[in-house]
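What follows is the residue order along each chain.
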Amino acid sequence: MTESGPRVDLGVTLRALRRQADLSQRQLAERSGVPQATIARIESGRTADPSFRTVERLVEAVGGHVVISVVGAASAALTGAGAARSLPVVPHEELRDAAGRHCPAHLDAREVRQPRDWPGAWWAHWQDLPPQRWPIFLPAVTYVQDRGERDRQRRGDRVRREARVRRFTGDGLPATSWRFLAELPDGELVGELRAHERSVDLLLGYDLDDRRELVLDGVLVAPEHRLLGIGRRLVEALRAEMDRAGVATVHAVAEFGGVGFLRACGFRVEWRRPSALRLDGAVSAGRRPPR
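## Some details on the sheet that holds strand 4 (residues 177-183)
- As summarised here, the arrangement of the five strands in space is 3-4-5-6-7, forming an open sheet in which the pairing is mixed. The sheet terminates laterally at strand 3 (164-168) and strand 7 (250-251), the two strands that pair on one side only.
- Note that strand 6 (residues 212-221) and strand 7 share two bridges and pair parallel. Within the sheet, the bridge partner assigned to Leu 214 lies in strand 7 and is Val 250.

## Points about the pairing of strand 6
- Sheet analysis places strand 5 (residues 189-199) next to strand 6, joined by nine bridges and oriented antiparallel. By the bridge assignment, Leu 193 is partnered in strand 6 with Val 219.
- Tracing the backbone out of strand 6, into helix 9 (residues 230-245) and back to the parallel element strand 7 gives a crossover that is right-handed.

## Some remarks on the packing of helix 2 (residues 25-32) against helix 4 (residues 52-61)
- Interaxial distance between helix 2 and helix 4 falls to 9 Å at its minimum, and their mutual angle equals 110°. Compared by their axis directions, helix 2 and helix 4 come out roughly perpendicular. For the pair formed by helix 2 and helix 4, the contact residues are Leu 28, Arg 31 and Ser 32 on the first element and Arg 57, Leu 58 and Ala 61 on the second.
- Within the contact of helix 2 with helix 4, the residues separate by chemical class into three nonpolar, one polar and two charged.

## Observations concerning the nonpolar core
- Grouped together as the largest cluster of nonpolar side chains are 24 residues, with contacts concentrated most on Trp 178, Leu 193, Leu 216, Ile 230 and Leu 238.
- When contributions to this core are tallied by element, the ones reaching two or more residues are strand 4, strand 5, strand 6 and helix 9.
- Here the element with the most residues in this core is helix 9; it accounts for six residues.
- Sequence-distant contacts of Leu 193, defined by excluding residues within four places in its chain, comprise Trp 178, Arg 179, Phe 180, Leu 216, Gly 218, Val 219, Leu 234, Val 235 and Leu 238.
- Core analysis: the next-biggest nonpolar cluster, separate from the first, contains 10 residues, Ile 39, Leu 58, Ala 61 and Val 62 among them.

Thresholds, definitions, all that
Residues numbered from 1 in each chain as written. Predicted model: local features only at pLDDT ≥ 70, side-chain atom pairs only at ≥ 80, totals over all residues. Heavy atoms only, no water. Pairing = 2+ DSSP bridges. Helix = DSSP H or I, 4+ residues; strand = E, 2+ residues; numbered from the N terminus. Right-handed = clockwise from strand over helix to strand, strands pointing away. Axes fitted to C-alpha atoms, helices over the stretch in contact; angles between N-to-C directions. Parallel < 35°, antiparallel > 145°, perpendicular 65-115°, else oblique. Contact = heavy atoms within 4.5 Å. Nonpolar A, V, L, I, M, F, W, Y, C, P; charged D, E, K, R; others polar. Core = buried A, V, L, I, M, F, W, Y, C linked by side-chain atoms within 4.5 Å. Buried < 20%, exposed > 50% of the residue type's maximum accessible area, 1.4 Å probe, protein only.

Here you go:
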């Protein structure tokens, strides 16, 4: 460390590394053999110069290692400036002790803006329920103690951030088929929308200047990636492509939760309702249909 170069804030660095490893101070103390009180003093800045061995044990306990390299008097490797820029950002750090709720230092604080942001609002994802029926107090900040749920939330944040939606064409797909895919950078498919195009001239039997419409076949999202906005993004991509193609209308038939989802995406319920019909194959005598 040079006198002219910036110094590494050891407390901030250790806290960020510990948060990245998803460890509490007590868990880090058990792994490193350094007392929890010492870790607390370092992170709070009350211990300015801990021994090198203490720092090494703490860094190794979170899966890292200490590297000392000398490239030049003004080297970023010497000052640690480059390492500070690469530290993970702690989300909502300013909200950690909001609303009188003490959030453990190794957990991510999350702001609660609507009922679905709070794990206690188990009813929040029922889109058809009016909010005024649930006059419940929502905390300003929440956090999740279950490690498995934290891992799912972090994966959900990555999927929401990295998923890309595109229209799929080729492979013998007819020009009247509209297919959209939501994929991750590694090619994993997380959602799909399918629709087909129909001519109103053929449907009604007279000339309407070749007017076209779409019929939505379905919006599918992998169960582990639902409630991340993937379905809504697929519908938005469909509408954008409709604008480019000059198609004004898309029809859909849905039931149960699909009705609320499509209404949230801008669809409206029509007064005229199609008949629900069904065709079953004939079963010969003595044979029972497969289960």
